[in-house]
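# Coordinate inspection notes
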Amino acid sequence: MDKFTVLTGIAAALPEENIDTDKIIPARFLKTTKRSGLGVNAFDSMRYRADGSENPDFVLNQEPYRKAQILITFDNLGCGSSREHAPWALLDFGIRCVIAPSFADIFHNNCFKNGILPIVLPRPVCEQLMADARMGGNARLTIDLPRQVVIRPDGSEVPFEVDPLRKKLLLEGLDDIGQTLQHEKAIETFETERAQAQPWIPRIVLD
Amino acid sequence: MAPRTLFDKIWDSHVVETLPDKTAILYIDRHLVHEVTSPQAFEGLRLSGRRLRHPDATIAVVDHNVPTSDRTQPIAEAESRNQIETLERNVKEFGVPYFPLLSARQGIVHVVGPEQGISLPGMTIVCGDSHTSTHGAMGALAFGIGTSEVEHVMATQTILQKPAKNMKVVVEGQVGPGVTAKDIMLAIIGHIGTAGGTGHVIEFAGSAIRDLDMAGRMTLCNMSIEAGARAGLVAPDETTFEYVRGRPFAPKGEAFDEAVAYWKTLASDEGAHYDRVVELRAEDITPVLTWGTSPETVIPVTGNVPDPAKETDPARRKQMQRMLDYMGLEAGQKIAGTPVDVVFIGSCTNSRIEDLRAAASIAAGRKVAPGVRAMIVPGSGIVKAQAEEEGLDKVFLEAGFEWREAGCSMCLGMNPDRLTPGQRCASTSNRNFEGRQGPGGRTHLLSPAMAAAAAVTGCLTDVRELI
Ligand code: SF4
């Protein structure tokens, strides 16, 4: 997982609510067995027309937003299925930070796990940032994770909240499993105690 | 100790350790694995040289993209075949119990778990699929996880989680004829919205819930996710215990009695705190369906499609209009009488034997309307066999339905069962997003009985006219 510290990049505004994971990456592209390569089909139904050609009206098909690293939307981003292909598709497209007034739980989690920083900001603030984003290529946003601020093109700063553990993992580019395995002793103890207290819990063994 | 909810009790009994920021390392009793969200997790284990900690708490099935037609033939779609073959290699390498495609026990993971007695009350159950919430009907804490978490559970038998908030949805009273668990759940989602349960675990309570059989409770918990919740729960009771008794992987004999004694302690305590409580009267719930491309767009089958012009919020108005355009509907039109092209009875929401019986009772002695393709996709090989024993397959076949093999099928259209652009489908599944059942497909979510009614009349129909 790549570290996330300070990101300065182009932001794209997608002023819609309830952008679900089917929109981020339709189910028919889930048949991969690898994590990479989904970026070309990110937002497939909005990005391409029925004949497969690009929809010029869609923001991520326009310059400079083809290179967007930050995405700003309205409420409930990432609702729908738990597919992690959604953050993979965003990441493969180049998105490292998503900003919205609210997120669906699983998607929010999955972003962190894949090195994408999801930031919750009130809708009026998202609207301001969208206005910044519409100013085009020179209007870059900076996401300063150590200081927990979004720096707008005019230099003003918007503070945001982030879970301290999540922040640490992002800053260090550490994966969760390594973290948890530091507690392996506690897991073993738990397993022993429970096997005694609830011996009836069956093991799944096929004959 | 302060009174606790069912959720609190299951949670507390599975916390291995709480980290300084309140994240718990939560122990997982059952990990269900399928072909779509597991390959990258197995790949991760392999790359990092980690082992799978508890194969004996893990079960794998193929369901999402298996064909539901003749299975003795090789799988035609290369990518589907690749995912299935990858899973087969992985379960072998890591020693995971597996129900292969040709096993009678194969089926949709959320049908198979309870059916085999693998999902039990009081457990924590995860799967790389959002509808894992289904298993909450057992009185288990069950939720969907992403592929990174799948790998985490494989390696550690735990996940990292913060406790959810408690929400209670109470439905008191008795539902009228033709009203099913699906209608209750759609009514709840219509009432609280698709973000209504965000951050919460919903416990379903009240006499109308108690009266439901396990299949009905599974339908409710299944769609908790469409209400935005992390999970759904129903307290285990006699109905639950009777359901579990004798299932292949359930405890037997004395162990079963011991288990039941423990399960009886799980129900929420008197006076336990809920962060949110929502109450509905069963008598107010009628057969319903969705008109739009969000599961919260619920209206009674006797109702009319809403008019965006009456919506004051401009963003919402725009979204409603987009939904109407996508769905090919007119503002204000009566929903009943809208012709359908396809009827899909299946998915982890509604593909159990009880669902098929309900559909068969409407289909019996009638014919699928000309021009309508109606398909029945049982949730598992066991459900299929049971239905055939009861002669339901004959009822369906005589009426002109297709009788297919078990799998997710047209619920998400990863296998060849897909809608074509513009086709309108009466579907017992759980999601009606744009393109969910195939690009350009139009989905109306409804109960199995309502779906059968649509099949035999050729249009969206109030099932009460047929009973
Ligand atoms: S039936 Fe549909 S919702 Fe259920 S597991 Fe399969 S794809 Fe997911």
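Everything quoted here is computed from the prediction, not taken from an experiment.

Okay, the interface of chain B and chain A next. With 84 residues of chain B in contact, the opposing surface of chain A contributes 55 residues. With both sides pooled, the region where chain B packs onto chain A buries about 5500 Å², and carbon together with sulfur makes up 55% of that total. Linking chain B with chain A are 10 salt bridges, by the criterion used here. A salt bridge links Lys113 of chain A to Glu149 of chain B, with the shortest nitrogen-to-oxygen separation between them at 3.7 Å. For the pair chain B and chain A, the interface holds 22 residue pairs in polar contact (both at pLDDT 80 or more).

Before going further, it helps to spend a moment on the side chain of Thr293 of chain B. Along the chain, Thr293 of chain B falls in the loop between strand S13 (288–290) and strand S14 (298–300). Once residues within four sequence positions are removed from consideration, Thr293 of chain B is found in contact with Met323, Tyr326, Met327, Asn432, Phe433 and Glu434 of chain B.

On to the domain arrangement of chain B. All names here are of chain B. In terms of domains, chain B is made up of domain 1 (6–163 + 246–257), domain 2 (165–236 + 268–284) and domain 3 (288–465). The straight-line distance from the C-alpha centre of domain 1 to that of domain 2 is 24 Å. Contact residues are listed per partner, giving 22 residues for domain 1 and 20 residues for domain 2. Linking domain 1 with domain 2 are one salt bridge, by the criterion used here. For Lys9, the salt bridge identified is with Asp269, shortest N-O distance 2.8 Å. Along the contact surface separating domain 1 from domain 2 lie 11 residue pairs in polar contact (both at pLDDT 80 or more). The set of elements that each furnish at least two residues to the side of domain 1 that touches domain 2 consists of helix H1 (6–12) and strand S7 (141–144). For the side of domain 1 that touches domain 2, the residue count by class is 12 nonpolar, seven polar and three charged.

Quick look at the environment of Lys167 of chain A now. All names here are of chain A. With respect to the helices and strands, the residue Lys167 is situated in helix H6 (residues 164–172). With relative accessibility at 16%, the residue Lys167 sits in the buried group. Separated by 19 residues in the primary sequence, Lys167 and Gln148 place their C-alpha atoms 9.4 Å from one another. In this structure, Lys167 is in contact with Leu145, Pro146, Gln148 and Val162, ignoring residues within four places of it in sequence.

Let's shift gears to the sheet that holds strand S8 (residues 158–161) of chain B. All names here are of chain B. Strand order in this open sheet of three strands is S1-S2-S8, and the pairing throughout is antiparallel. Edge positions in the sheet fall to strand S1 (15–18) and S8, since each has one partner strand and no second. Across this sheet, the average inter-strand angle for adjacent strands is 20°, counted without regard to direction. As paired strands, strand S2 (residues 24–27) and S8 are joined by four bridges and run antiparallel to one another.

It is worth spelling out the site of the ligand at this point. Residue and element names in this part refer to chain B. Contacts to the ligand come from His64, Ile108, His110, Asp129, His131, Ser347, Cys348, Cys408, Cys411, Leu412, Asn430 and Arg436. Partitioned by chemical class, the residues of the shell around the ligand number five nonpolar, five polar and two charged. Both domains that furnish three or more residues to the shell around the ligand are identified here as domain 1 (6–163 + 246–257) and domain 3 (288–465).

Within this structure, the stated rule accounts for 41 salt bridges over all chains. Residue Arg194 of chain A pairs with Asp29 of chain B through a salt bridge whose shortest N-O separation is 2.5 Å. Placement of Arg194 of chain A in helix H8 (residues 184–197) and of Asp29 of chain B in the loop between S2 and strand S3 (30–33) is noted, with the two residues assigned to different chains. Residue classification places Asp29 of chain B among the buried positions, given a relative accessible area of 4%. Glu434 of chain B is paired through a salt bridge with Arg322 of chain B; the nearest N and O atoms lie 3.0 Å apart. Residue Glu434 of chain B is found in the loop between strand S18 (424–427) and strand S19 (442–445), and its partner Arg322 of chain B is found in helix H11 (residues 314–327); the two are separated by 112 residues along the sequence. Each of the salt bridges in this network shares a partner with another, and the network as a whole consists of Glu17, Arg123 and Glu127 of chain A together with Arg316 of chain B.

Another aspect to go through is the pairing of strand S6 (residues 124–127) of chain B. Residues and elements named next belong to chain B. Alternating positions in S6 separate into two faces, Thr124 and Val126 on one and Ile125 and Cys127 on the other, with burial throughout. As paired elements, S3 and S6 share three bridges and run parallel to each other. Among the inter-strand pairings, His31 is bridged to a residue of S6, identified as Val126. Sheet topology note: the S6/S7 ladder contains four bridges and is parallel. Note that in S7 the partner of Ile125 across the bridge is Ala142.

Attention shifts here to the packing of helix H12 (residues 353–363) of chain B against helix H14 (residues 392–399) of chain B. All names here are of chain B. Viewed as axis vectors pointing N to C, H12 and H14 meet at an angle of 40°, and their least axial separation amounts to 10 Å. On the basis of the axis angle, H12 is oblique to H14. When the axes of H12 and H14 are compared, the crossing they make is left-handed. Judged by residue contacts, Ile353, Leu356, Arg357, Ala359, Ala360 and Ala363 of H12 engage Leu392, Val395, Phe396 and Ala399 from H14. Here the residues of the contact of H12 with H14 sort into nine nonpolar, no polar and one charged.

All names here are of chain B. Position of Val277 relative to the elements: it lies in strand S12 (residues 276–281). The class for Val277 is partly exposed, based on a relative accessible area of 43%. Put simply, Val277 and Lys162 are 115 residues apart on the chain and 21 Å apart in space, counted from C-alpha to C-alpha. Excluding residues within four positions of it along the chain, Val277 makes contact with Lys168 and Val170.

This part covers the sheet that holds strand S3 (residues 70–73) of chain A. All names here are of chain A. The strand order S2-S3-S4-S5 describes an open sheet built from four strands, whose pairing is parallel. Strands at the two margins of the open sheet, each flanked by one partner only, are strand S2 (11–14) and strand S5 (117–120). Taken over all neighbouring pairs, the strand axes of this sheet differ in orientation by 20° on average, direction set aside. For S3 and strand S4 (residues 97–100), the ladder comprises three bridges, and the chain directions are parallel. Paired with Leu71 across the strands is Val98, a residue of S4.

The rules behind each value
- Counting of residues starts from 1 at the beginning of each chain's written sequence and follows it residue by residue.
- As a convention, the first chain written is A and the first ligand written is 1, with the rest following in written order.
- Note on the predicted model: pLDDT of at least 70 is required for a residue's local features to be given, and 80 or more for side-chain atom pairs to be given and counted; whole-chain, interface and lining totals, by contrast, use all residues.
- For the side-chain quantities, the full set of heavy atoms in the structure was used; hydrogens and water were omitted.
- We call two residues in contact whenever any of their non-hydrogen atoms come within 4.5 Å of each other.
- Two parts placed together each lose some accessible area under a 1.4 Å probe, and adding up what both lose gives the buried area.
- We count a salt bridge whenever a side-chain nitrogen from Lys or Arg sits within 4 Å of a carboxyl oxygen from Asp or Glu.
- Between N or O atoms, a polar contact is any pair within 3.5 Å; within protein, one atom must be a potential hydrogen donor and the other a potential acceptor, and residues adjacent in sequence are included only when both atoms are from side chains.
- In this text, helices come from DSSP runs of H or I with a minimum length of four residues, and strands from runs of E with a minimum of two, each type numbered from the N-terminal end.
- Each domain span listed reflects an automatic or database assignment of domains.
- Residues are grouped as follows: Ala, Val, Leu, Ile, Met, Phe, Trp, Tyr, Cys and Pro are nonpolar; Asp, Glu, Lys and Arg are charged; all remaining types, including Gly, are polar.
- Accessible area is worked out with a 1.4 Å probe on protein chains only. A residue is then buried under 20% of its type maximum, exposed over 50%, and partly exposed in between.
- Strand pairing follows a simple DSSP-based rule, namely that at least 2 bridges must link the two strands.
- Helix axes are fitted only over the stretch in contact, all axes being lines through C-alpha atoms; the angle between N-to-C directions runs from 0 to 180 degrees.
- The nearness test applies per residue and asks whether one of its heavy atoms lies within 4 Å of the molecule or strand.
- Any angle that falls under 35 degrees is termed roughly parallel, while one over 145 is termed roughly antiparallel, one within 65 to 115 roughly perpendicular, and all others oblique.
- It is the rotation of the near helix from the far one that decides the hand of a crossing: anticlockwise by less than a right angle makes it left-handed, clockwise makes it right-handed.

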